[in-house]
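Breakdown of the fold
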Amino acid sequence: MAKAKIRYNCNVCGGISPKWTGQCPDCNAWNTLEEVVVAANGGNRSARLQEGVMNPPKVSRLDKVNATREIRTATGIGELDRVLGGGLVHGSVTLIGGDPGIGKSTLLIQTLAAMADRASESTLYISGEESADQISLRARRLGLDLAKLNVLTENNLERILPLILHAQPGVIVFDSIQTAYTDLLQSAPGSVGQVRECAAQLVQLAKQSGISVFLVGHVTKDGAIAGPRVLEHMVDTVLYFEGDPGSRHRVIRSIKNRFGAVNELGVFAMTDKGLREVSNPSAIFLSRHDSQVPGSVITVTREGTRPLLVEIQALVDSTALANPRRVTVGLEQNRLAMLLAVLHRHAGVFSGDQDIFINAVGGVRITETSADLPVLLAVLSSLRNVPLPEGLVTFGEIGLSGEVRPVQNGPERLNEASKHGFRIAIVPQGNSSPKGIQGMEIIPVTRLTKVLELLFK
Ligand code: TYD
Ligand code: MG
């Protein structure tokens, strides 16, 4: 094989330089050169073109490709299987990101133990962060079967790869990719070049050997996985731990999945025995009130493939600032600004002299537009200090001209709400189920003004 060469790439202009310098010789940007490995290609270009003519690469017609369906193994942890799209695919690479201390290492050691137990997979936990003692102590505390868990504390890929190829485990965990380094590069572990090159080698290993790989990735201050974004492109599945660090609940969301739906949520609770699955998560995102309070609205979101009841709370208070505050937790702030503008223009409700705080209870993050109507109702309920009727659930997207638009999977959302005892639903006309739902009054609406007349007159 041709020997690998090292080059330095500018991450701004893409310029290539044979030596590292503080300033890019092409675009003059500072500190932008990154070490990369380039495989030296043998021979010159015209010789290779000539060879391509003699011996062209093969093009396959898709129906002639002999593809077997992907083989999956259930991990034995239902909520993780759900976000993975129905089990772990052989030879896949899954990147798990999340804040420090959120439970990445705990989940993965539990997963390995469950897989060793259920599917008799041989597993290997490679840690560059913790000592074997620490990992053993944790596994013991979690009550796992220690005899089935193997750990390796090492972070040099040249030492790890031969061992993996020799031992051929079914699943490996690499905790974390930021601690790995390869001798090919001189830069320190955690640098962009190292992270990218180590991940590339592990991806190649997974594809060639059929070993499933979990990579743990640290996140930066603003929540992205540290290192290059390209890491997310290289792997098959990207999972993020989200959730409020103060709460017991942990939500895992699939951001990218080559083998299943994105935005699928898995819900866990952190206990003294590690992460426990919450298989009926709707109830945990509702706070219990003895009576209805102003500013609280229950909605049904559908992140991924499962409907979820979530409480949205709003607090509206007169401001002392020239620029009133618009603070959202678990919802998008720009969307709130847009909704408030619609409320002003189409329903004549002015909120420019009020601070507005919105919170999705339980640390869940809502990415769907179905929360538009509930957010506005929570704001109005708090502004007017009027609680909404008991047993009310609502969802719907709001358009810029004040119309209430239908959202996907209306009947499924209504059924979920009905199962949890909600008796009145205000929903977009297109989502009102023609057959109705037993024990539930469904009020179809087409315009925001109509909803306000119903609730606040
Ligand atoms: P950890 O898995 O080490 O987090 P990460 O790898 O994402 O940095 O999680 C550690 C946190 O979880 C720590 O704050 C303690 C808590 N924890 C429990 O509450 N119960 C347990 O059984 C375990 C193992 C950890
Ligand atoms: Mg950890």
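Residues numbered from 1 in each chain as written. Chains lettered and ligands numbered in written order. Predicted model: local features only at pLDDT ≥ 70, side-chain atom pairs only at ≥ 80, totals over all residues. Heavy atoms only, no water.

**A closer look at helix α5 (residues 157-167)**
Using the following cut-off: The cut-offs for exposure are 20% and 50% of the maximum accessible area for each residue type, with area from a 1.4 Å probe on protein chains only; residues under the lower value are buried, those over the upper are exposed, and the others partly exposed. Runs of H or I in DSSP of at least four residues are treated as helices and runs of E of at least two as strands, each being numbered from the N terminus. Note that the arc is defined by the directions from the helix axis to the C-beta atoms. Note on contacts: a residue pair qualifies if any of its non-hydrogen atoms lie within 4.5 Å across the two residues. Identification of polar contacts relies on pairs of N or O atoms within 3.5 Å, with a donor-acceptor requirement for protein atoms, meaning one able to donate a hydrogen and the other able to accept it, and with residues adjacent in sequence counted only if both atoms are side-chain atoms.
Every buried residue of α5 is accounted for by Leu157, Ile160, Leu161 and Ile164. For α5, the buried positions fall inside an angular range of 100° around the axis, keeping them on one side. Opposite the buried face of α5, by more than 90 degrees, sit the exposed residues Arg159 and His166. The inward-facing, buried residues of α5 abut β7 (123-127), β8 (151-153), β9 (171-175) and α6 (192-209). For α5, the N-terminal capping position is held by Asn156, with its side-chain oxygen 2.8 Å away from the main-chain nitrogen of Glu158.

**Looking at the pattern of salt bridges**
Going by this rule: Here, a salt bridge means any Lys or Arg side-chain nitrogen found within 4 Å of an Asp or Glu carboxyl oxygen.
This structure, assessed with the given rule, holds 20 salt bridges. Salt-bridge contacts for Arg306 lead to Glu79; the nearest nitrogen and oxygen are separated by 2.9 Å. Of this pair, Arg306 sits in strand β16 (residues 306-318) while Glu79 sits in helix α2 (residues 78-84); the two residues are 227 residues apart in sequence, bridging distant segments of the chain. When its relative accessible area of 11% is taken as the criterion, Arg306 is described as buried. Members of the salt-bridge network, linked through shared partners, are Glu242, Arg253, Glu303 and Arg365.

**Examining the nonpolar core**
Here is the rule we go by: Think of a nonpolar core as a cluster: buried Ala, Val, Leu, Ile, Met, Phe, Trp, Tyr and Cys residues, connected wherever their side-chain atoms sit within 4.5 Å. By convention here, the domain bounds are inherited from an automatic or database domain assignment.
Residues Ile358 and Leu377 are the most contacted members of the largest nonpolar core, which totals 45 residues. Those elements that place two or more of their residues in this core are β13 (265-271), β16, α8 (333-347), β18 (354-360), α9 (372-384), β22 (424-428), β23 (441-445) and α11 (448-456). Per-element accounting of this core gives the leading share, 7 residues, to α9. Here this core spans two domains, and each of domain 2 (72-279) and domain 3 (284-455) adds at least three residues to it. Beyond its immediate chain neighbours, meaning those up to four positions away, Leu377 contacts Val297, Leu388, Thr394, Val451, Leu452, Leu455 and Phe456.

**Some words on the pairing of strand β12 (residues 249-257)**
Threshold: Pairing between two strands requires that DSSP report at least two bridges joining them.
Extensive coverage of β12 is indicated by the burial of 7 of its 9 residues. By the bridge criterion, 6 bridges tie strand β11 (residues 237-242) to β12 in an arrangement that is antiparallel. If you follow Leu239 over to β12, its bridge partner there is Ser254. Between β11 and the antiparallel strand that follows it, β12, lie 6 residues; Gly243 among them carries a positive phi value of about 120°.

**Notes on the site of ligand 1**
Rules: We call a residue near a molecule or strand whenever a single non-hydrogen atom of that residue lies within 4 Å of it. Accessible surface area values rest on a Shrake-Rupley calculation with a 1.4 Å probe, where residue burial reflects the displayed protein chains alone.
Near ligand 1, the surroundings consist of 16 residues, among which Gly101, Lys104, Ser105, Thr106 and Thr271 are the closest. Take Thr271: an N or O atom from its main chain is 2.8 Å from a nitrogen atom of ligand 1. Between ligand 1 and Gly274, the relevant distance is 2.8 Å, taken from an oxygen atom to a main-chain nitrogen or oxygen of the residue. Surface burial for ligand 1 is 72%, taken as the share of its 560 Å² of free accessible area covered by protein chains.

**Re the packing of aromatic side chains**
The description of an aromatic ring pair uses the distance of the two centres, along with the angle that the planes make with each other. Basically, it comes down to this: Aromatic pairs are defined between Phe, Tyr and Trp rings, using the six-membered ring for Trp, whenever the two ring centres lie within 6.5 Å; interplanar angles under 30 degrees are classed as stacked, those over 60 as edge-to-face, and all others as tilted. The criterion is that NZ of a Lys, or CZ of an Arg, lies within 6 Å of the ring centre and within 35 degrees of the ring normal, and then a charge sits over that ring.
According to the stated counting rule, one finds 0 aromatic pairs in the structure shown. Lying over the aromatic face of Phe395, Arg413 brings its terminal NZ or CZ to 5.4 Å of the ring centre.

**Some thoughts on the packing of α5 against α6**
Definition in use: In this description, a line fitted to the C-alpha atoms serves as the axis of each element, helices being fitted only across the stretch in contact, and the angle between N-to-C directions of two axes falls anywhere from 0 to 180 degrees. Each angle is binned into one of four classes, with values under 35 degrees roughly parallel, values over 145 roughly antiparallel, values of 65 to 115 roughly perpendicular, and all other values oblique. Polar here means any residue other than Ala, Val, Leu, Ile, Met, Phe, Trp, Tyr, Cys and Pro, which are nonpolar, and Asp, Glu, Lys and Arg, which are charged; Gly is therefore polar.
One way to put it is that α5 packs onto α6 with a least axis distance of 12 Å and a crossing angle of 10°. When the axes of α5 and α6 are compared, the pair comes out roughly parallel. Residues Leu157, Leu161, Ile164 and Leu165 of α5 pack against Cys198, Gln201, Leu202 and Leu205 of α6. When grouped by side-chain class, the residues that make up the contact of α5 with α6 number 7 nonpolar, 1 polar and no charged.

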